[in-house]
Amino acid sequence: MSAPKLRVGIAGLGRMGQRHALNYHVFTPRAEVVAASSPDLNEHVWAKENLTGAKIYTDYYEMLEKENLDAVVVAGITAVHADHAIAAIKKGLHVMCEKPLSLDVKIAQSVLDAYNTSLKTHPNQKVMCGFSRRFDASYREAYERMTSGQYGRPVIFRSQTADMLDTTGMFVQYAKTSGGIFLDCSIHDIDLMLWFLGETTHLKSLQAVGVIAVHTALDASKDRDNAVATVEFDGGKIATLFCSRMMAAGQEDTTEVICEKGSLRVNMQGRKNHLEIHDGQGARRDLPKHYYERFREAFLTEANEFTASCLDNTPPPVSLSSSVKAVVIGAALQKSLPTIELRLIYFDETSFYTPEQREINVQVVNETNEVISTLIQSEFDQLIDEIEVAEEVDILDGTHDDQMEDQLMPEAEATETDEILGDQPATPDESEPDEILGDQPITPSETIDDQPRDDGLMVFIDNFNVNGDDYISL
């Protein structure tokens, strides 16, 4: 008796959908594609020629209802990733979703919420986002060597995704709905950054700057064809990300992880294969022309390992909560990008906010502190008056009651310190949500910022929200 195969449905038969369909149908022995959906009838023609035995649907939801599926590969346009994933999750199906989960942080979070809810009734369900570089042999070896500890802890991470120049105009049209260069090009670098530096490492701040060098029409979408980002983490870790859409020679995707005792470099000398050409023009080697040519083997590994995870009930190769965090960071970088001046985005435990908000928050804190200082001065003046009245007789005859001053002055000092600050430094409400990682809902914090004054006084501002579009809850 042959071993059971994973019965897979493919949602979307565009460029990536076709690649996933072939990988599961032809190159994954433990899986079979039994159905696929696409609203494009031209893609139906391709499916009938290449997916032997699979039933093809125009409507995704009809496929979910009529087919006896075990898993769904979500590979349509980004705008429907979350809806398609959630529909399959609610039916208890395993889901492999193309990156990103969504261009919107809250919508990406809703996929994680749906999965956590479904796990209560389908504890063996597997849901993951397809970050293919984690399945690349070179990146895996770099990660294994880093985590072995022989090079010490990672300190600097730098990575790039640099696409070959598109001269057809197709890219500019695609960019209108892609979410921008960081959510589209750099999302894999962001995922690698989280993988190598720690998915639970707290993010402190980030900033991005970009230019339009070739694709001038991108300005209408507030996008760029070249951009650089700097990301700062707790624990003395820094990452730099570079993305470009105008490489002349081919696809150039590279990464370096600099540790305390050495560095690990992936694809720093890119090549299509092991061929080198030596002729009258010199020595050279070709580069891959696009992303899939460079990472095809990684996609195959991804399909086989996801299938094994479903059939053998092992943990998914990529955590869904990490994939949500990648969207959060990508969205923050994209938000930092369109401004004329470089803009720093600050992070607290559960949200990110702009310098404009920080300035407003500081102003509110300063104004609050001024009121508090006035109250403190008023109370202090009242105490001094009491001291002067109590000492009036002594002062007149040239004596000074040290005992009374010792009793009253500490009380004045306690009024300043204890009533305003309490015995301990002020802290946020203890019901503050969990940190972003861990498969828990990510919600806005009741306490946004705590700005210390020069004299050590710290005031917490609750429910701080300026221009809903600028304050993005996780």
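Residues numbered from 1 in each chain as written. Predicted model: local features only at pLDDT ≥ 70, side-chain atom pairs only at ≥ 80, totals over all residues. Heavy atoms only, no water.

Visitor: Which residues make up helix α10 (residues 291-312), and what are the values?
Guide: Relative to the 32 Å expected for 22 residues at 1.5 Å per residue, α10 spans 30 Å between its end C-alpha atoms, a close match to the ideal helical length. Approximately 45° is the largest bend angle found in α10, and it occurs at E297. (Helix = DSSP H or I, 4+ residues; strand = E, 2+ residues; numbered from the N terminus. Expected span 1.5 Å × (residues − 1). Bend = angle between axes of the 7 residues up to and from the residue.)

Visitor: For the pairing of strand β5 (residues 94-98), give the residues involved together with the corresponding values.
Guide: Of all five residues making up β5, five are buried, and the element is well covered by its neighbours. Burial along β5 is two-sided: H94, M96 and E98 and V95 and C97, pointing in opposite directions, are all buried. Regarding topology, helix α4 (residues 81-90) serves as the crossover connection from strand β4 (residues 71-74) to the parallel β5, and that connection is right-handed. Examined bridge by bridge, β5 and strand β6 (residues 127-130) share four bridges and lie parallel to one another. For E98, the partnering residue across the bridge sits in β6 and is G130. (Buried < 20%, exposed > 50% of the residue type's maximum accessible area, 1.4 Å probe, protein only. Right-handed = clockwise from strand over helix to strand, strands pointing away. Pairing = 2+ DSSP bridges.)

Visitor: Explain unusual backbone geometry residue by residue, including any values.
Guide: For residues that are not glycine, phi is negative in most cases, and the peptide bond is trans in most cases. Omega for the bond connecting K99 with P100 falls within 30 degrees of zero, at -15°, which places this linkage in the cis form. Positionally, P100 belongs in the loop between β5 and α5 (105-118). Its identity is not glycine, yet K222 carries a phi of approximately 55°, on the positive side. Topologically, K222 is positioned in the loop between β8 (203-211) and β9 (226-233). What makes K222 exposed here is its relative accessible area of 58%.

Visitor: Residues and numbers for the pattern of salt bridges, please.
Guide: Counted by the stated rule, this structure contains 22 salt bridges. Ionic pairing is found between R30 and D312, a salt bridge with its closest N-O pair at 2.9 Å. Residue R30 is found in the loop between α1 (15-26) and β2 (31-37), and its partner D312 is found in helix α10; the two are separated by 282 residues along the sequence. Its relative accessible area of 36% is what places R30 among the partly exposed residues. Taking relative accessible area as the criterion, D312 reaches 42% and is therefore assigned partly exposed. (Salt bridge = Lys/Arg side-chain N within 4 Å of Asp/Glu carboxyl O.)

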